[in-house]
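Letter by letter, the chains look like this.
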Amino acid sequence: MGQQYDWLAELLDLPNVRVIHFQLVGSQRLNVVVESISEAALCPRCQQPSLIVHDQGDAQLIRDLPIWKRRCWLSYRPRRFDCVTCDNTFVERVAWREPGLDYTVRYEHALYEKVRRESVAQVAQDERLSEDIVQGIFERWAKKRSPNAAILV
Ligand SMILES: [Zn+2]
């Protein structure tokens, strides 16, 4: 795979991510197809690194920060690794997104900061998300950031 989108990966600035393709959708949306390029992944069961990619899952759309006022989604296919140490297959974890969530960590963080300054209703409208989703993200981050959580971290 060529390096033709290295410049976009540099702008995107996510660790261990390569950009394969991008697509402008209408005038307000950008989809960026990315893949993880970490050489190894840590097996969650035995904590040993694995270098053997088993397969890739279906593409998932993950909302990220806007780029030049375009709403931005990453299209990402999580890789599954084989662990030879404990004969396990597992899905790679990436630093920029918590497993199973439809948003990047930095997008959620930005949303949280925005709700603190504005309101759930306003942010939901601006981001074209439901108020339930914005409220859910806000509460999760508020919990993370509470003094008790800070001590644990
Ligand atoms: Zn293992």
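In short, a report on the structure.

Here is what the cut-offs are and how they apply
Residues numbered from 1 in each chain as written. Predicted model: local features only at pLDDT ≥ 70, side-chain atom pairs only at ≥ 80, totals over all residues. Heavy atoms only, no water. Phe/Tyr/Trp six-rings, centres within 6.5 Å; stacked < 30°, edge-to-face > 60°. Helix = DSSP H or I, 4+ residues; strand = E, 2+ residues; numbered from the N terminus. Buried < 20%, exposed > 50% of the residue type's maximum accessible area, 1.4 Å probe, protein only. Lys NZ or Arg CZ within 6 Å of the ring centre and 35° of its normal. Pairing = 2+ DSSP bridges. Axes fitted to C-alpha atoms, helices over the stretch in contact; angles between N-to-C directions. Donors = N, O, S within 2.8 Å, 3.2 Å for Na, K, Ca; no water.

### Quick notes on the packing of aromatic side chains
Next, step 1: The tally for this structure, following the rule as stated, stands at 7 aromatic pairs.
Next, step 2: Taken together, a centroid distance of 5.5 Å and an interplanar angle of 85° make the contact between tyrosine 5 and phenylalanine 22 edge-to-face. You can see tyrosine 5 sitting in the segment before helix H1 (6–12) and its partner phenylalanine 22 sitting in strand E1 (residues 17–25), a full 17 residues away along the chain.
Next, step 3: Taking the relative accessible area as the measure of exposure, phenylalanine 22 reaches 26% and is therefore partly exposed.
Next, step 4: Of the aromatic side chains, those joined through ring pairs into one cluster are Tyr5, Trp7 and Phe22.
Next, step 5: For the cation-ring pair, arginine 63 lies above tryptophan 73, with the distance from its terminal atom to the ring centre recorded as 4.7 Å.
Next, step 6: Across the ring face of tryptophan 141, the terminal group of lysine 144 is positioned such that the distance to the ring centre comes to 4.0 Å.

### Thoughts on the sheet that holds strand E9 (residues 88–91)
Next, step 1: Taken in spatial order, the 3 strands line up as E5-E8-E9 in an open sheet, and their pairing is antiparallel. Two strands in the sheet have a free side with no partner beyond their single neighbour: strand E5 (52–56) and E9. Averaged over all pairs of adjacent strands, the angle between strand axes in this sheet comes to 30°, irrespective of strand direction.
Next, step 2: Of the strand pairs in this sheet, E5 and strand E8 (residues 79–83) are connected by 4 bridges, and their pairing is antiparallel.

### Remarks on the coordination of the zinc ion
Next, step 1: Protein-derived coordination of the zinc ion comes from Cys43 (SG), Cys46 (SG), Cys83 (SG) and Cys86 (SG), at a distance range of 2.3 Å.
Next, step 2: Here the donor residues for the zinc ion map to a single chain with the spacing C-x2-C-x36-C-x2-C. A residue pair is termed long-range when its members are at least 10 positions apart, and cysteine 43 in the loop between strand E3 (41–42) and strand E4 (49–50) and cysteine 86 in the loop between E8 and E9 qualify at 43 residues.

### Describing the pairing of E9
Next, step 1: Here E9 shows a buried face lined by Asn88 and Phe90 and an unburied face lined by Thr89 and Val91.
Next, step 2: Across 4 bridges, E8 lies against E9 in antiparallel orientation. Residue pairing in the sheet places cysteine 83 in a bridge with asparagine 88 of E9.
Next, step 3: Hairpin connection between E8 and E9: a loop of 4 residues separates the two successive antiparallel strands, and aspartate 87 in this loop has a positive phi of roughly 55°.

### Some details on unusual backbone geometry
Most peptide bonds take the trans form, and the phi angle of most residues other than glycine is negative.
Next, step 1: The residue glutamine 47 is not glycine, and still its phi comes out positive at about 65°.
Next, step 2: As for its placement among the helices and strands, glutamine 47 is situated in the loop between E3 and E4.
Next, step 3: Residue class for glutamine 47 comes out partly exposed when judged on its relative accessible area of 48%.
Next, step 4: At aspartate 87, a position not held by glycine, the phi torsion is positive, near 55°.
Next, step 5: Here aspartate 87 is to be found in the loop between E8 and E9.
Next, step 6: Look at aspartate 87 and you get exposed, because its relative accessible area is 72%.

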